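Each chain, letter by letter, is given below.
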Protein chains: 2
Amino acid sequence: MKKQVVNPYSVEGSIDYDKLITEFGVKKITPEVLKEIQGFTGELHPYLKRGIFFAYRDLKKVLDDFKKGKKFFLYTGRAPSGPIHLGHISVWLFMKWLQEKFDVEVWFQFPDEEKFLFKQDTKWEDIQKWTHENILDVIALGFNPKKTHFLIDTKHAGIMYPEAIKVAKKITFSSIKAAFGFTDSNNIGSIFYTAMQTVPIFLPNILNKKNENCLIPLGIDQDVHFRLSRDIVEKLGHKKPAIIHAKFMPPLTGTEGKMSSSNPDTAILLTDSPKEVARKINKYAFSGGQPTIEEHRKKGGNVEVDVACQWLKYFEDDDKKLAEIYEKYSKGELLSGEVKKILIDKINEILTEHQKRRKNAEKLINQFVWKS
Amino acid sequence: MKKQVVNPYSVEGSIDYDKLITEFGVKKITPEVLKEIQGFTGELHPYLKRGIFFAYRDLKKVLDDFKKGKKFFLYTGRAPSGPIHLGHISVWLFMKWLQEKFDVEVWFQFPDEEKFLFKQDTKWEDIQKWTHENILDVIALGFNPKKTHFLIDTKHAGIMYPEAIKVAKKITFSSIKAAFGFTDSNNIGSIFYTAMQTVPIFLPNILNKKNENCLIPLGIDQDVHFRLSRDIVEKLGHKKPAIIHAKFMPPLTGTEGKMSSSNPDTAILLTDSPKEVARKINKYAFSGGQPTIEEHRKKGGNVEVDVACQWLKYFEDDDKKLAEIYEKYSKGELLSGEVKKILIDKINEILTEHQKRRKNAEKLINQFVWKS
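The paragraphs below set out a description of the structure included in this document. A quick note: this is a predicted structure, and the numbers were derived from the prediction, not measured. (Residues numbered from 1 in each chain as written. Chains lettered and ligands numbered in written order. Predicted model: local features only at pLDDT ≥ 70, side-chain atom pairs only at ≥ 80, totals over all residues. Heavy atoms only, no water.)

## Description of the overall build of chain A
Defined as follows: Note on conventions: DSSP H or I runs of at least 4 residues are helices, E runs of at least 2 residues are strands, and numbering of each starts at the N terminus. In this description the radius of gyration comes from C-alpha coordinates, and the expected globular size is given by 2.2 Å times residues to the power 0.38. Categorising residues by exposure relies on relative accessible area from a 1.4 Å probe, with only protein chains included: less than 20% of the type maximum marks a residue as buried, more than 50% marks it as exposed, and the intermediate range marks it as partly exposed. By the convention used here, residues are in contact when the closest approach between their heavy atoms is within 4.5 Å. Computed with a 1.4 Å probe, the accessible areas rest on the Shrake-Rupley method; for each residue, only the protein chains presented here act as cover. Neither His nor the chain ends contribute to the count of charged residues, in which Lys and Arg are positive and Asp and Glu negative. To locate a charge, take NZ of a lysine, CZ of an arginine, CG of an aspartate or CD of a glutamate.
Counting its regular elements, chain A contains 18 helices and nine strands. Since a compact globule built from 372 residues should have a radius of gyration of about 21 Å, the 21 Å found for chain A is in line with a globular shape. Structurally, chain A occupies a C-alpha span of about 65 × 50 × 45 Å along its principal axes. Considering chain A as a whole, with its 372 residues, one finds that 58% of them fall into the buried category. Sequence-distant contacts, at least 24 apart, represent 77% of the contacts inside chain A between residues at least 6 apart. Total accessible area computed for chain A in this model is approximately 15500 Å², and 50% of it derives from carbon and sulfur atoms. Charge-centre separation for chain A: the mean point of 59 positive side chains lies 3 Å from the mean point of 49 negative side chains.

And the structure:
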């Protein structure tokens, strides 16, 4: 088994999430926390019930404040350098649900310099193309255009850079080295970058002359940016952001590491055709089944390592249906190929709808991109 | 004697300019180069004749190109954090002369983040105030508003940051450490900064869709920024900038180090009153004279260490008059107080005129600040 590595620039190994909770100093989402959320939302999002969002920082404070009438805004982001895959959208779908349930603003950052700075062979023009493509996908997820604002780092540098330098002044290279494992061979843009990722924590309050809390839903690999900057933004007179952390959706090929667009066998892209979806899942989805049908019928499959079963946690919202699939697969009543078929149909249903909305997204870009 | 230190963040000791030429790998301005310049300008600026501008990189190439009809633009800058003193303006007065003689554009950068990032106790609001004040002084020097463009880093970050990251990607922290003597305790904004200072080398050509040469007149302490980035801009498909280097105008208090606004005894500010100018020069200007009048009349003064004599190189344009003063002072015919009086009158004549124009500068800001 590979050593566990979890930071914005590398996710490797079989992830022990309890260990991460201790290492990162975050809190586990307990049944009490879920109950508190449910008090506002009426129902719980499947990702909460299923432990996909599993940890937090300061979330209870945000909920307490909300009860007292103090709003929050949501902030997350996407560093463009390739197509969007299914692993990306879980955080965003959950954020969309939060937006609807709490009726709050969403700030979505597209740090179009990040991958350019961190991947040696990326071309600026390609990143710009992917920024545009990624924007279309995020719009197609169905965020409320009146309450959702896109910040694109190089487009909005005029409002972001003046704030980023205030953050940057308070971070030494020593801290960066310790937090991200950088060396003297890192380029100076990559060293500066975390300051830009910090800005949307407080920029919306400056732009809107408000004083709302900031809640960041993110994959836990991104936590380090804010571990570093939470104290700093407070020193600058802003609120510490709250964070709610997601686990990684496993790659098609198995439950270690993280899905990646640069390895197309491990991921399904939002633009994949139904045929492509079926091909990838049938060919690559790691199976928790037994070597022969006979053995499978007898011993049953392992839902914990079966990627089709694991992925259904993300896409089959109906708890009863999901439990039934898991039970039948465990008992050997469902074969791996049959679970794969269920997943393929589910994903294709979602993607067909998504791709339809995506065709209309171009016209909506202007409504989403922040105008300063 | 203090050890010689010359970089953008520290100038100390008695400066050996010939040693700098070797250390920095720049070329000395020879009589041949002067002749070549004179071929275009008709006459030579006093700062050229007097060796105040003393070294260069690629200047001959720019002149060769100019002869063939290829224009250049001028780029220099000012990092605001306090008032402008007489030591600052020598480079700018010379640049203004170049602008007039060659009929070229001037790009003037106000990197309003630099001092904020490098001086721990600077406040953002103060820097913004000084940016405004410094702009007034630069305008009052009389640059052609139709051909002079101000870039203010945080105001123009929208056009500068996207280019700065392309530069930054090509500079490792190792290079920065070697070039500027930084350590891991440097903040990440200061580490990134040189990328922003590099951008005006090529941004004007992007904005104006031109392909002109870039010539940078600067104090030699700033050379390291461009030593580092000349090769990089070339890799990005832009031209290497040419540079013409100035010596430091000595502080009032003696010929070591560099004048500084933060030590008001060493500098005369552009906003000083005639009375203040007289007081500072009489009180602080280091004298090359003898201990008693009798001895001075007999042995004469030393023009090389007498700050009043040295400063007159900057402000008395008439070669004959200057030579006469030097001769008389060397022979003891002029006393230190008398040379100081000549200098005081000269500076007050210049400052009275400057302060008059400065009152009108506010109205002109809009004409100078680049509109993108």
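## Thoughts on the pairing of strand 4 (residues 53–57) of chain B
Residue and element names in this part refer to chain B. Note the threshold: The pairing criterion for strands is at least two bridges between them, as found by DSSP.
Counted residue by residue, strand 4 has five buried out of five residues, so it is predominantly covered. Here two bridges tie strand 3 (residues 27–28) to strand 4, and the two strands are oriented antiparallel to one another. Within strand 4, the residue paired with lysine 28 across the bridge is alanine 55. Sheet topology places strand 4 next to strand 9 (residues 242–246); four bridges connect them, and they run antiparallel.

## Quick notes on the sheet that holds strand 9 of chain B
Strand order across the open sheet formed by seven strands is 3-4-9-8-5-6-7 (chain B), with mixed pairing between neighbours. The two strands at the open ends of the sheet, each matched to only one other strand, are strand 3 and strand 7 (148–152) of chain B.

## Description of the interface of chain B and chain A
Worth spelling out the cut-off: When two parts are brought into contact, each loses some accessible area as probed by a 1.4 Å sphere; the total of that loss over both is the buried area. Within this document, salt bridges are pairs made up of a side-chain nitrogen of Lys or Arg and a carboxyl oxygen of Asp or Glu, the two lying within 4 Å of each other. Pairs of N or O atoms within 3.5 Å make up the polar contacts considered here, provided that, within protein, one atom can donate a hydrogen while the other can accept it, and that residues adjacent in sequence are counted only when both atoms are side-chain atoms.
Of the residues lining the interface, 34 residues belong to chain B; the matching set on chain A comes to 34 residues. For the pair chain B and chain A, the summed buried area comes to about 2900 Å², and 68% of that belongs to carbon and sulfur atoms. The largest contributions to the chain B side of the interface with chain A come from Tyr161, Lys169 and Ile188 of chain B, which together make up 29% of the buried area. For the interface between chain B and chain A, the tally reads two salt bridges. The residue lysine 177 of chain B makes a salt bridge to aspartate 184 of chain A at a minimum N-O spacing of 2.7 Å. The tally of links from chain B across to chain A stands at 20 residue pairs in polar contact (both at pLDDT 80 or more).

## Topic: the nonpolar core
Test applied: In these notes, a set of buried Ala, Val, Leu, Ile, Met, Phe, Trp, Tyr and Cys residues joined through side-chain atoms within 4.5 Å is what counts as a nonpolar core.
Counting 82 residues, the largest nonpolar core has Phe192 of chain A together with Phe192 of chain B as its most contacted members. Ignoring any residue separated from it by four or fewer positions in sequence, one finds phenylalanine 192 of chain A in contact with Tyr161, Ala164, Ile165 and Ala168 of chain A together with Tyr161, Ile188, Gly189 and Phe192 of chain B. Judged by nonpolar contacts, the second largest core, of 74 residues, contains Ile52, Leu59, Met259 and Ile281 of chain A.

## Structural notes on the pattern of salt bridges
Where side chains of opposite charge bring their charged atoms close, a pairing between them can arise. The tally for this structure, following the rule as stated, stands at 58 salt bridges over all chains. With a shortest N-O distance of 3.0 Å, glutamate 295 of chain B and lysine 299 of chain B are connected by a salt bridge. Within this pair, glutamate 295 of chain B and its partner lysine 299 of chain B are both found in helix 14 (residues 293–299), separated by four residues, close to a single helical turn. According to the relative accessible area criterion, glutamate 295 of chain B is partly exposed, its value standing at 27%. Judged by its relative accessible area of 53%, lysine 299 of chain B is exposed. Residues glutamate 324 of chain B and lysine 328 of chain B are paired through a salt bridge, measuring 3.8 Å at the closest nitrogen-oxygen approach. Taken as a pair, glutamate 324 of chain B and lysine 328 of chain B lie in helix 16 (residues 319–331) at a separation of four residues, close to a single helical turn. Accessibility expressed as a relative area gives 43% for glutamate 324 of chain B, which makes it partly exposed. You can call lysine 328 of chain B partly exposed: its relative accessible area is 34%. Here the salt bridges share partners, and the residues they tie into one network are Lys177 and Asp184 of chain A together with Lys177 and Asp184 of chain B.

## A few points about the packing of aromatic side chains
Under the convention used in this document: Only Phe, Tyr and Trp rings take part, Trp by its six-membered ring, and two of them pair if their centres are within 6.5 Å. Stacked means planes under 30 degrees apart, edge-to-face means over 60, and tilted covers everything else.
Within the structure shown, the criterion is met by 59 aromatic pairs over all chains. On the basis of an interplanar angle of 70° and a centroid distance of 5.0 Å, the ring pair of phenylalanine 110 of chain A and phenylalanine 150 of chain A is categorised as edge-to-face. Taken as a pair, phenylalanine 110 of chain A in strand 6 (residues 106–110) and phenylalanine 150 of chain A in strand 7 (residues 148–152) lie far apart in primary sequence, 40 residues in all. Seen in terms of ring centroids, tyrosine 161 of chain B and phenylalanine 192 of chain B are 5.9 Å apart; in terms of plane orientation they differ by 50°. Their pairing is tilted. Note that tyrosine 161 of chain B is positioned in helix 8 (residues 157–168) and phenylalanine 192 of chain B in helix 10 (residues 188–198), a separation of 31 residues in sequence. Looking at tyrosine 161 of chain B, the relative accessible area reads 0%, which means it is buried.

## A few points about the environment of asparagine 186 of chain A
Among the secondary structure elements, asparagine 186 of chain A is positioned in the loop between helix 9 (173–180) and helix 10 (188–198). Considered as a pair, asparagine 186 of chain A and phenylalanine 118 of chain A are 68 residues apart in the sequence and their alpha carbons are 8.5 Å apart. Excluding residues within four positions of it along the chain, asparagine 186 of chain A makes contact with Phe118 and Ile191 of chain A together with Ile171, Thr172 and Phe173 of chain B. Here the side chain of asparagine 186 of chain A touches serine 190 of chain A through a polar contact of 3.0 Å, side chain to side chain.

## Description of the relation of the copies chain B and chain A
Both copies of the chain are tied together by a single rotation about an axis and a shift running along it. Rules: To superpose the copies, least squares is applied to the C-alpha atoms of every residue with a pLDDT of at least 70 in both.
Superposition of chain B onto chain A requires a rotation of 180° combined with a translation of 0.0 Å along the rotation axis, giving an RMSD of 0.0 Å. Put plainly, the chains are arranged around a two-fold axis. Within chain B, the C-alpha atom positioned nearest to the axis of rotation is that of glycine 158 of chain B, 2.0 Å from it.

## What to know about the pairing of strand 8 (residues 213–219) of chain B
Residues and elements named next belong to chain B. Along strand 8, seven of the seven residues are buried, which leaves the element largely enclosed by surrounding structure. Neither face of strand 8 is left uncovered, since the one carrying Asn213, Leu215, Pro217 and Gly219 and the one carrying Cys214, Ile216 and Leu218 both have all their residues buried. Pairing of strand 5 (residues 72–77) with strand 8, which is carried by three bridges, proceeds in the parallel orientation. Residue pairing across strands places leucine 74 opposite leucine 215, the latter belonging to strand 8.

## Considering the side chain of glutamine 109 of chain A
All names here are of chain A. Examined against the element boundaries, glutamine 109 turns out to sit in strand 6. Given a relative accessible area of 1%, glutamine 109 falls into the buried group. For glutamine 109, the side chain forms a polar contact with the main-chain oxygen of methionine 196, separated by 3.2 Å. The contacts of glutamine 109, once residues within four sequence positions are left out, are Tyr75, Thr76, Gly77, Arg78, Leu151, Asp153, Met160, Met196, Gln197 and Pro200.

## Some words on the sheet that holds strand 9 (residues 242–246) of chain A
To summarise the sheet geometry, strands pair through backbone hydrogen bonds and adopt either a parallel or an antiparallel arrangement. All names here are of chain A. The seven strands lie next to each other as 3-4-9-8-5-6-7, forming an open sheet whose pairing is mixed. Looking at which strands have only one partner, the edges of the open sheet turn out to be strand 3 (27–28) and strand 7. Examined bridge by bridge, strand 5 (residues 72–77) and strand 6 share four bridges and lie parallel to one another. Among the inter-strand pairings, glycine 77 is bridged to a residue of strand 6, identified as glutamine 109.

## Some words on helix 12 (residues 223–235) of chain A
Residues and elements named next belong to chain A. What counts, and what does not: A helix's residues, less one, multiplied by 1.5 Å, set its expected span. To obtain the bend at a residue, axes are fitted to the seven residues ending there and to the seven starting there, and the angle between these axes is taken.
Taking 1.5 Å of rise per residue, 13 residues should cover 18 Å, and helix 12 covers 19 Å from first to last C-alpha, within 8% of that figure. Approximately 40° is the largest bend angle found in helix 12, and it occurs at serine 229. Of all the residues in helix 12, the buried ones are Asp223, Val224, His225, Phe226, Leu228, Ser229, Arg230, Ile232 and Val233. Remark: glycine 237 follows helix 12 within two positions and exhibits a positive phi of approximately 90°.

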